[in-house]
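Read off the chains here:
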Amino acid sequence: MEQPTKTVSVAALPQVRVLGRTTGTDVVNLFWTGSGIEFIYTGSELQMEVNADYDAYEPWLAVELNGVQISRVPLNKGKNEVCLFRGMTVGKPKHVRILKEVQAMHQDPGHLLQIVGLQYADGEFLQLPEPKYRLEFVGDSITSGEGTVGAVYEEDWISAFFSAENTYPRMVSDALSAEYRVVSQSGWGIVTGWDGIVENKIPPYYKQVCGLLTGERNASLGALEDYDFKAWQPDAVIINLGTNDATAIQSAAELVREWAGTRDIKEVKKILTTAIRDFLKAVRDCNPEAQIIWGYGMLGDNFLPVIREAVETYAEQTGDTRIHFLQLPNTTPDTVGSRLHPGVKAHRKAARVIEKYLLELFKQ
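A brief report on the enclosed structure follows. (Residues numbered from 1 in each chain as written. Predicted model: local features only at pLDDT ≥ 70, side-chain atom pairs only at ≥ 80, totals over all residues. Heavy atoms only, no water.)

### Some points on the side chain of Arg 17
Okay, so step 1: Structurally, Arg 17 can be placed in strand E2 (residues 17–19).
Okay, so step 2: Polar contacts involving the side chain of Arg 17 include one to the main-chain carbonyl oxygen of Pro 129, which spans 3.0 Å.
Okay, so step 3: Filtering out sequence-adjacent residues up to four positions away, Arg 17 remains in contact with Gly 36, Ile 37, Glu 38, Leu 128, Pro 129, Glu 130, Pro 131 and Glu 179. (Helix = DSSP H or I, 4+ residues; strand = E, 2+ residues; numbered from the N terminus. Polar contact = N/O pair within 3.5 Å; in protein donor to acceptor, adjacent residues only side chain to side chain. Contact = heavy atoms within 4.5 Å.)

### Some remarks on the packing of aromatic side chains
Any aromatic ring pair is given by two values, namely how distant the centres are and how the planes are angled relative to each other.
Okay, so step 1: By the definition in use, this model includes 15 aromatic pairs.
Okay, so step 2: When the centroid spacing of 4.2 Å and the interplanar angle of 15 degrees are considered together, the rings of Tyr 133 and Phe 362 count as stacked. Separated by 229 residues along the polypeptide, Tyr 133 in strand E12 (residues 133–139) and Phe 362 in helix H8 (residues 344–363) bring together distant segments of the chain.
Okay, so step 3: The class for Phe 362 is partly exposed, based on a relative accessible area of 22%.
Okay, so step 4: Pairing Tyr 206 with Phe 229 gives two aromatic rings, centres 5.4 Å apart and planes at 40 degrees, and the pair type is tilted. Of this pair, Tyr 206 sits in the loop between strand E13 (178–184) and helix H3 (216–220) while Phe 229 sits in the loop between H3 and strand E14 (236–240), placing them 23 residues apart in sequence.
Okay, so step 5: Through pairs of rings, three or more aromatic residues link up here, namely Phe 39, Tyr 41, Phe 85, Tyr 120 and Phe 125.
Okay, so step 6: In this structure, Arg 21 packs its charged tip against the face of Tyr 227, placed 3.8 Å from the ring centre. (Phe/Tyr/Trp six-rings, centres within 6.5 Å; stacked < 30°, edge-to-face > 60°. Buried < 20%, exposed > 50% of the residue type's maximum accessible area, 1.4 Å probe, protein only. Lys NZ or Arg CZ within 6 Å of the ring centre and 35° of its normal.)

### What about unusual backbone geometry?
Both trends apply: most residues other than glycine have a negative phi, and most peptide bonds are in trans.
Okay, so step 1: Positive phi, close to 70 degrees, is recorded for Phe 303, a residue that is not glycine.
Okay, so step 2: The residue Phe 303 is located in the loop between strand E15 (291–296) and helix H7 (304–318) in this model.
Okay, so step 3: Phi at Arg 339 takes a positive value of approximately 55 degrees, unusual for a residue other than glycine.
Okay, so step 4: Within the element layout of this structure, Arg 339 appears in the loop between strand E16 (323–327) and H8.

### Observations regarding the pattern of salt bridges
Any two side chains of opposite charge can pair, on the condition that their charged atoms come close.
Okay, so step 1: Scanning the entire structure with this criterion turns up 17 salt bridges.
Okay, so step 2: Note that Asp 174 is salt-bridged to Arg 97, the shortest N-O span being 2.9 Å. Here Asp 174 is found in helix H2 (residues 168–175), whereas its partner Arg 97 is found in strand E9 (residues 94–100), with 77 residues between them in sequence.
Okay, so step 3: On the basis of relative accessibility, which here comes to 7%, the residue Arg 97 falls in the buried class.
Okay, so step 4: Of the charged contacts, one joins Arg 308 and Glu 312 as a salt bridge, the two residues approaching to 3.8 Å between their closest N and O atoms. Note that Arg 308 and Glu 312 are positioned in helix H7 at a spacing of 4 residues, about one turn of the helix.
Okay, so step 5: Here Arg 308 falls in the partly exposed class, since its relative accessible area comes to 28%.
Okay, so step 6: Through salt bridges with shared partners, one network takes in Glu 64, Arg 97, Glu 165, Arg 170 and Asp 174. (Salt bridge = Lys/Arg side-chain N within 4 Å of Asp/Glu carboxyl O.)

### Focus: the nonpolar core
Okay, so step 1: Of all hydrophobic cores here, the largest spans 47 residues; its most connected members are Val 138, Ile 239, Ile 276, Leu 280 and Trp 294.
Okay, so step 2: Counting residues per element, the ones that place at least two in this core are E14, helix H4 (243–251), helix H6 (265–286), E15, H7 and E16.
Okay, so step 3: At 8 residues, H6 tops the list of elements feeding residues into this core.
Okay, so step 4: In this view, Val 138 contacts Thr 143, Val 183, Ile 202, Tyr 206, Val 237, Ile 238, Ile 239, Asn 240, Leu 241 and Phe 279; residues no more than four positions away in its chain are not counted. (Core = buried A, V, L, I, M, F, W, Y, C linked by side-chain atoms within 4.5 Å.)

### Brief notes about the environment of Ser 177
Okay, so step 1: Considering the arrangement of structural elements, one finds Ser 177 in the loop between H2 and E13.
Okay, so step 2: Remark: the alpha-carbon pair of Ser 177 and Lys 132, spanning 45 residues in sequence, is separated by 5.5 Å.
Okay, so step 3: Setting aside residues up to four positions removed in sequence, Ser 177 forms contacts with Pro 131, Lys 132 and Tyr 133.

Now the structure itself:
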């Protein structure tokens with residue numbers, strides 16, 4: 001068996017597909033959960049060189065072989081050489097996908113994950129089939145896969161308990177043979193984070209590559225640059241936001257008064273409704289042909305009527321027949337994961353609902 005010798009950059013391998021909102025060519029910078037690379041390779045052994053760094057939350061990678069996860073690894077600071085597989089049949093195509101398991105860690109400016117390149121010797125890279133669809137998912141901790149790894153009683157907020165592999169975005173996309181991208185952040189909302197911090201909301205950062213990151217290094221890597229929507233237009237955008245807003249509005253009355261100027265629930269609902277409509281307009285402006293689905297309900301249905309009405313009223317007022325609201329199945333004691341978040345079973349249930357709904361839309 002011939003051993004891998006040198007590292008070849010992704011830019012030098014046009015058969016390799018880069019996944020997610022990323023930057024860089026020779027070195028690919030991975031920011032969001034579910035970002036990574038995908039390819040078909042015929043050799044017996046394959047390694048990948050990555051750079052990693054962090055101050056608090058280490059990056060994790062998931063490795064898939066022919067549609068099945070075969071490993072999941074935390075990365076050390078500095079240079080890492082990750083064995084993807086070895087000892088396999090030469091000449092037989094292997095479909096490989098590597099995904100960043102952890103979300104963009106805005107609390108940790110030191111968090112870094114870069115794909116430097118691949119090391120190989122006895123095989124070749126084949127052309128990937130084109131995806132049937134392109135899907136974008138926008139959300140919070142649910143979409144980031146928080147709680148989809150670990151025992152139910154786990155409470156620590158650590159990287160290990162996040163997983164892109166175990167989420168409904170990955171499940172839906174694979175079921176529909178789609179390429180997908182994720183924009184999500186744990187604890188963030190439409191108008192406020194779960195704790196009433198109004199800066200922690202997704203809409204202001206939607207048009208950037210990964211604008212919620214901080215620190216000089218992230219800025220230098222292009223995370224704060226405008227995202228090129230024209231280069232990757234989704235067939236559908238699935239939004240799942242509002243859970244953290246509901247938590248803040250219900251449990252942090254004093255904080256809500258600070259940012260909303262009132263604790264009057266009717267006024268707060270108006271603020272939420274306006275923000276939903278503004279975000280739908282922004283998403284439509286960026287994705288003029290996409291189906292837009294606002295899903296909600298995986299962690300309770302508080303404020304569901306408000307969110308549903310805001311989405312459906314906006315669609316009606318604008319005449320946009322490609323904007324929809326979809327209630328998602330709630331998490332139960334049988335489907336809960338760690339950190340009181342939806343577990344893998346809950347994500348599977350939600351994925352089936354979204355898959356069915358998308359297929360009906362795509363038939364129209």
